[in-house]
Amino acid sequence: MTSVADTAARTAPKSRKPIDGWRWVGRIFLLLMLLYTAVPMIWMLLTSIKSGFAAMQFPPQWWPNEPTLASYQKLLDPTNSVGQDFLHFFWNSLYVSTVTTVLSVVVAVPAAYAFSRFTFPGRKFLFFAVLLRNMFPAVIFLVPLFILMRLLGLVNTHGSLILTYLTFGLPLAIWLLRGFYDNIPVQLEQAARIDGATRFQAFILIVMPLSVPGIIATAIYSFIGAWNEYIFAYTFLNKNDQLTLPVGIQRFFSENTTDFPGLMAASFMMSVPVVVLFLVLQRYFVRALTEGAVKH
């Protein structure tokens, strides 16, 4: 026979879990940010498969009545002038971004390791002095850098862009890797030294494998920065065969009309390598940011 207390407990309404208002606010905010970033990409893709007349219609149509891939065929066809220019610009951007990325990693890795492991006079001042450049907008350095590149004979060469991107990308790359090295226990290197390894061997065999996520994150940052840069590429390069994609897609603008489907197709194809690179390597990027920000 059940007691009165047990019966009352079973018949009493179960208490509902309180609603976390801030969590829902965060979810709504993330949804709005997703729409804010995704809608322009969707509109760009849909415009790229429209005809020139459909792209100029008002009110605009989200989905074209007669979708076409003519703009993409035109861009990827090396037999016409537009395709030749686009593929050439694409190769220039890929070359400049890849070389900048490799050099950034080669320079940032030992620099960040030195800031993390060694003590030397002016270490703290020098580390923050490296970050000082990020306090100023890039346009402030435009004229001095152009004069410097002209004196060095690097105007209208990809070397001017590689040197500039390397200079502007290294501060954050060093800061990112230094935070990552700080979280690798120094005892691992000491154990390798006790076993007979030199400091360089301990760095190559112990530290480097553990720092792969940080190196990949640095490479992603350097590549994206060089791939999307416009101001210096527009200033330093004037020859058509040297232009990169951000400057080259201006050719779709003319005095009387603009090829909006072609412009959107070129812009979409320009964004594809960066999106694919980030999606493939995003777990390393997030891991490097979190491990570099928290001291164990």
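Since this is a predicted model, take the numbers as computed values, not measurements.

Engineer: Please provide a residue-by-residue account of the overall build of the chain, values included.
Structural biologist: A tally of helices and strands in the chain yields 14 helices and 0 strands. Starting at the N terminus and walking to the C terminus, you meet the elements of the chain as α-α-α-α-α-α-α-α-α-α-α-α-α-α. Counting only contacts in the chain whose residues sit at least 6 apart along the sequence, the fraction spanning at least 24 positions is 71%. When the accessible surface of the chain is split by element, carbon and sulfur atoms take 70% of a total near 18500 Å².

Engineer: Tell me about the side chain of T100, and please be specific about residues and values.
Structural biologist: Summarising the element assignment, T100 is placed in helix α5 (residues 81-117). Other than its neighbours up to four places away in sequence, T100 contacts I162, Y165, L166 and A226.

Engineer: So what's going on with the packing of α5 against helix α8 (residues 158-182)? Which residues, and what values?
Structural biologist: Angle between the axes and distance between the axes: these two values describe a pair of packed helices. At a closest axis distance of 6 Å, the pairing of α5 and α8 adopts a crossing angle of 40 degrees. Relative to α8, the element α5 is oriented oblique. The handedness of the crossing between α5 and α8 is right-handed. Residues that form the contact of α5 with α8 fall into these classes: 20 nonpolar, 5 polar and 3 charged.

Engineer: Go over empty space enclosed by the protein with me, naming the residues and quoting the values.
Structural biologist: As enumerated under the stated definition, the model contains 1 cavity of 30 Å³ or more in all. Taken as a whole, the largest cavity spans an internal volume of roughly 40 Å³. Around the largest cavity sit S93, V96, S97, L161, Y165, A226, W227, E229, T244 and P246, which together line it. Secondary structure elements with two or more residues in the lining of the largest cavity: α5, α8 and α11 (212-228). Examining the composition of the lining of the largest cavity, we find that 3 residues originate from one element, α5, more than from any other. Partitioning the lining of the largest cavity into residue classes produces 6 nonpolar, 3 polar and 1 charged.

Engineer: Can you tell me about the nonpolar core, naming the residues and giving the values?
Structural biologist: Counting 34 residues, the largest nonpolar core has L75, L161, Y165, F232, L245 and I249 as its most contacted members. The contact partners of L245, leaving out residues within four places of it in the chain, are F86, F89, F90, S93, W227 and M270. Counting residues in hydrophobic clusters, the runner-up holds 19 residues, among them A112, F127, Y181 and I184.

Engineer: Can you break down the environment of F260 residue by residue, with the values?
Structural biologist: Mapped onto the elements of the fold, F260 is located in helix α14 (residues 260-293). F260 sits in the partly exposed class, given a relative accessible area of 31%. For F260 and G52, which are 208 residues apart along the polypeptide, the C-alpha to C-alpha distance reads 6.9 Å. Residues contacting F260, with those up to four places away along its chain left out, are T47, A55 and M56.

Engineer: Can you tell me about the confidence of the model for the chain, naming the residues and giving the values?
Structural biologist: Across the chain, the average pLDDT comes to 81, with 87% of residues at 70 or higher. Of the regions scoring below 50 in pLDDT, residues 292-296 engages in 7 contacts with residues more than four places distant in sequence or in other chains.

Engineer: Give a detailed account of the packing of aromatic side chains, specifying residues and quantitative values.
Structural biologist: For the structure on display, the rule yields 13 aromatic pairs. Seen in terms of ring centroids, F90 and W227 are 5.4 Å apart; in terms of plane orientation they differ by 80 degrees. Their pairing is edge-to-face. Linking F90 in helix α5 with W227 in helix α11, this pair joins segments that are 137 residues apart in sequence. Taken together, the ring pairs connect F141, F146, F168, F232 and F236 into an aromatic cluster. For the cation-ring pair, R27 lies above W24, with the distance from its terminal atom to the ring centre recorded as 4.8 Å.

Engineer: So what's going on with a nonpolar patch on the surface? Which residues, and what values?
Structural biologist: Taken together, the side chains of I28, L31, L32, L34, L35, V39, I42, W62 and W63 present a nonpolar region at the surface, about 920 Å² in accessible area. Examined against the element boundaries, I28 turns out to sit in helix α2 (residues 21-48). Residue classification places I28 among the partly exposed residues on the basis of a relative accessible area of 48%.

Engineer: Please give an account of the side chain of S97 that cites residues and values.
Structural biologist: Residue position: S97 is located in helix α5. For S97, the residues in contact, after removing those within four places along its chain, are F223, A226 and W227.

What counts as what
- Along each chain, the written sequence defines residue order, and numbers are assigned to residues from 1.
- For a predicted model such as this one, the threshold for reporting local features is a pLDDT of at least 70, and the threshold for listing and counting side-chain atom pairs is 80 or more; totals across whole chains, interfaces and linings nevertheless cover every residue.
- Values shown for side chains rest on all heavy atoms present in the structure; no hydrogens or waters enter the calculation.
- For the purposes of this entry, the term helix denotes a DSSP run of H or I that reaches at least four residues, the term strand denotes a run of E that reaches at least two, and both are numbered from the N terminus.
- Here a residue-residue contact requires only that any non-hydrogen atoms of the pair lie within 4.5 Å.
- In these tables, accessible area is a Shrake-Rupley quantity obtained with a 1.4 Å probe, and a residue counts as shielded only by the protein chains included in the view.
- The angle between two axes is taken between their N-to-C directions and runs from 0 to 180 degrees, where each axis is a line fitted to C-alpha atoms and a helix contributes only its stretch in contact.
- Throughout, the term roughly parallel applies to angles under 35 degrees, roughly antiparallel to angles over 145, roughly perpendicular to angles from 65 to 115, and oblique to all others.
- Throughout, a crossing is termed right-handed when the near helix is turned clockwise from the far one, and left-handed when it is turned anticlockwise from it by less than a right angle.
- Ten residue types, Ala, Val, Leu, Ile, Met, Phe, Trp, Tyr, Cys and Pro, are classed as nonpolar, four, Asp, Glu, Lys and Arg, as charged, and the remainder, Gly among them, as polar.
- The way it works is a 1 Å grid over only the protein atoms, where trapped points that fit a 1.4 Å probe form a cavity and open points with protein on both sides within 12 Å along at least five of seven lines form a pocket, and then any residue with an atom within 4 Å of a point lines it.
- Grid points are joined across faces, edges and corners, and a volume is the space filled by probe spheres set on the points.
- Definition of nonpolar core: a set of buried residues of the types Ala, Val, Leu, Ile, Met, Phe, Trp, Tyr and Cys, connected through side-chain atoms within 4.5 Å.
- Burial classes follow relative accessibility: with a 1.4 Å probe on protein chains only, a residue under 20% of its type's maximum area counts as buried, one over 50% as exposed, and anything between as partly exposed.
- Across the chain, each position has a pLDDT score giving the predictor's confidence in that residue, from 0 to 100.
- Pairing of aromatic rings covers Phe, Tyr and Trp, the last counted by its six-membered ring, and requires centre-to-centre distances within 6.5 Å; plane angles under 30 degrees mean stacked, over 60 mean edge-to-face, and any other angle means tilted.
- Two conditions define a charge sitting above a ring: the NZ of Lys or the CZ of Arg must be within 6 Å of the ring centre, and it must be within 35 degrees of the ring normal.
- Only residues whose relative accessible area exceeds 30% and that form no salt bridge are eligible for patches; like-charged ones are grouped when within 9 Å, while nonpolar side chains (Val, Leu, Ile, Met, Phe, Trp, Tyr) are grouped when within 5 Å.
- For this analysis, a salt bridge means a side-chain nitrogen from Lys or Arg found within 4 Å of a carboxyl oxygen belonging to Asp or Glu.

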